[in-house]
Amino acid sequence: MVSLKKIYITTGLTLLIIILGIVAFTTWYTVDESDQAVILTFGKVDETITEPGLHVKMPWPIQSVEKVSKETFSLQFGYSDKDGVEEDYPKDTKMITGDENIVLADLVVQWKITDPQKYLYNADNPNELLYDSTSAALRSIIGNSRIDDALTSGKAEIEANVRELLAHLIEKYDIGISVLAVKLQDVELPNAEVRKAFTAVTDARETMNTKNNEAKKYENQRMNEAEGEIAAIKSAAEGEKAARTERARGDVAVFDKLYAEYKNNPDITRERLVIETLEQVLPHAEIYIMNDDGNTMKYFPIRALEKEQPKAPAESEGEQ
């Protein structure tokens, strides 16, 4: 009887120590800076803990803790890179563009857990759901894009559209994930022959664009030169117009003055106009004024006198 009692006491103490140990070890828990925790009460979500540090809860099995990371994750779609060894999955990356060409496209999705409760319990495998959603979003956008855009200048727009569509799908599935960024890694043609043919087409297109740009540049240059010549001709014409207008106004003023003099002395003015006209028409001719009364012609040699007059001062100086 004594030995049996000791056995009961020993067993009870052992169970009590075990229970106290379980209580002691399951009442306290810590949350790191990079973690967030979900408290479960009898398997039902109670609250979410995001503050780091030491926390207290009810002992197991009343309450338990599930922890997930706050860090940003990278989803590699179409390939995997583990320990520097890269492996491609062409079945995932092969897709058809909007102009019915085949391309291979892979990308990286940056994402993080924003709602631990939904991430843990709204889907059986949220990571797989994210992968499938990425595939659907990328195929949808590539399927509405041209091959030129996918291979060259349209990558940024494709990335933005994939991110927007993927974020919409993830929000619809409500699995507690936020998509931060989408980055296309490689978009290429399926084999060497197709790549060579596409490169030839691209080079031809680039050559065509270069020639078009050169032609437009030459056209603009010639247009500018022509516009400059037109402006110069118009300016010269305007100047000529203004000059002729001013000359015409001067001629009119001169004519008005001559006409006024003519009205006062018509004979004298007529003779003056005749003489001036002769001087303009025959600038080097000798002009003589004669008076013929019918009997004797009187001649007065004015030019000879004009030529002799300058000699008088010279002779006088020689005499001095």
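Just so you know, these numbers come straight off a predicted model, no measurement behind them.

Parameters and conventions
Residues numbered from 1 in each chain as written. Predicted model: local features only at pLDDT ≥ 70, side-chain atom pairs only at ≥ 80, totals over all residues. Heavy atoms only, no water. Helix = DSSP H or I, 4+ residues; strand = E, 2+ residues; numbered from the N terminus. Areas by Shrake-Rupley, 256 points an atom, 1.4 Å probe, with all protein chains shown as cover. Pairing = 2+ DSSP bridges. Axes fitted to C-alpha atoms, helices over the stretch in contact; angles between N-to-C directions. Expected span 1.5 Å × (residues − 1). Buried < 20%, exposed > 50% of the residue type's maximum accessible area, 1.4 Å probe, protein only. Core = buried A, V, L, I, M, F, W, Y, C linked by side-chain atoms within 4.5 Å. Contact = heavy atoms within 4.5 Å. Patch = residues over 30% accessible without salt bridge, like charges linked within 9 Å, V, L, I, M, F, W, Y side chains within 5 Å. Salt bridge = Lys/Arg side-chain N within 4 Å of Asp/Glu carboxyl O. Lys, Arg positive; Asp, Glu negative; His and termini not counted. Charge placed at Lys NZ, Arg CZ, Asp CG, Glu CD.

*Asks:* Where do I start with the overall build of the protein chain in this structure?
*Replies:* A count of helices and strands for the protein chain gives 10 helices and 13 strands. Put simply, the protein chain shows about 23400 Å² of open surface, and 55% of that area lies on carbon and sulfur atoms.

*Asks:* Explain the sheet that holds strand E5 (residues 63-69) to me, please; I cannot follow it from the model alone.
*Replies:* Within a beta sheet, neighbouring strands are joined by backbone hydrogen bonds and run either parallel or antiparallel to one another. Taking strand neighbours across the sheet as the criterion, the 3 strands line up as E3-E2-E5 in an open arrangement whose pairing is antiparallel. The sheet is open, and its two edges are formed by strand E3 (44-49) and E5, each paired on a single side. In this sheet, neighbouring strand axes are inclined to one another by 25 degrees on average, regardless of whether the strands run parallel or antiparallel. The pairing of strand E2 (residues 35-41) with E3 spans 5 bridges and is classified as antiparallel. Each residue of the ladder has a partner; that of Ala-37, found in E3, is Ile-49.

*Asks:* How should I be thinking about helix H4 (residues 126-143) in this particular structure?
*Replies:* For an α-helix, 3.6 residues make a turn, and residues three or four places apart therefore share a direction. Along its 18 residues, H4 runs 25 Å from first to last C-alpha, staying within 8% of the 26 Å computed at 1.5 Å per residue. Pro-126, Leu-130, Ser-133, Thr-134, Ser-135, Ala-137, Leu-138, Ile-141 and Ile-142 are the residues of H4 that are buried.

*Asks:* Help me out: how do you make sense of the pairing of E2 in this one?
*Replies:* It is a general feature of regular strands that their side chains alternate between the two faces of the sheet. With respect to burial, E2 is a largely interior element, 6 of its 7 residues being buried. Two strands pair when backbone bridges link them, and E2 and E5 are joined in this way by 7 bridges, in the antiparallel orientation. Across the sheet, Asp-35 pairs through a bridge with Ser-69, a residue of E5. In sequence, E2 turns back onto E3 through a hairpin of 2 residues, with Phe-42 there showing a positive phi of about 50 degrees.

*Asks:* What is the right way to read the nonpolar core from this model?
*Replies:* One broad trend across soluble globular proteins is that nonpolar side chains are buried collectively. One finds Leu-107, Leu-138, Val-162 and Leu-166 to be the most contacted residues of the largest nonpolar core, which totals 33 residues. Elements that contribute at least two residues to this core include exactly strand E6 (73-77), strand E10 (102-113), H4, helix H5 (147-151), helix H6 (155-173) and strand E11 (177-188). Counting residues per element, this core draws most heavily on E10, which supplies 6 residues. Those residues in contact with Leu-138 that lie beyond four places of it in its chain are Phe-77, Met-95, Ala-105, Leu-107, Val-162 and Leu-184. In terms of nonpolar packing, the next biggest core, distinct from the first, is built from 5 residues, Tyr-29, Val-31, Ile-39 and Ile-49 among them.

*Asks:* Help me understand a negative patch on the surface in this model?
*Replies:* A cluster of acidic residues, Asp-81, Asp-83, Glu-86, Glu-87, Asp-88, Asp-186 and Glu-188, forms a negative patch at the surface. Within the residue set of the negative patch, elements represented by two or more residues are strand E8 (85-88) and E11. The element that contributes the greatest number of residues to the negative patch is E8, accounting for 3 residues. As for its position among the elements, Glu-188 is in strand E11.

*Asks:* Mind showing me how you'd approach the side chain of Glu-159 here?
*Replies:* Inspection of the secondary structure assignment puts Glu-159 in helix H6. Excluding its chain neighbours within four sequence positions, the residues that come into contact with Glu-159 are Val-182, Lys-183 and Leu-184.

The quantities given are spatial measurements derived from coordinates; they are silent on function.
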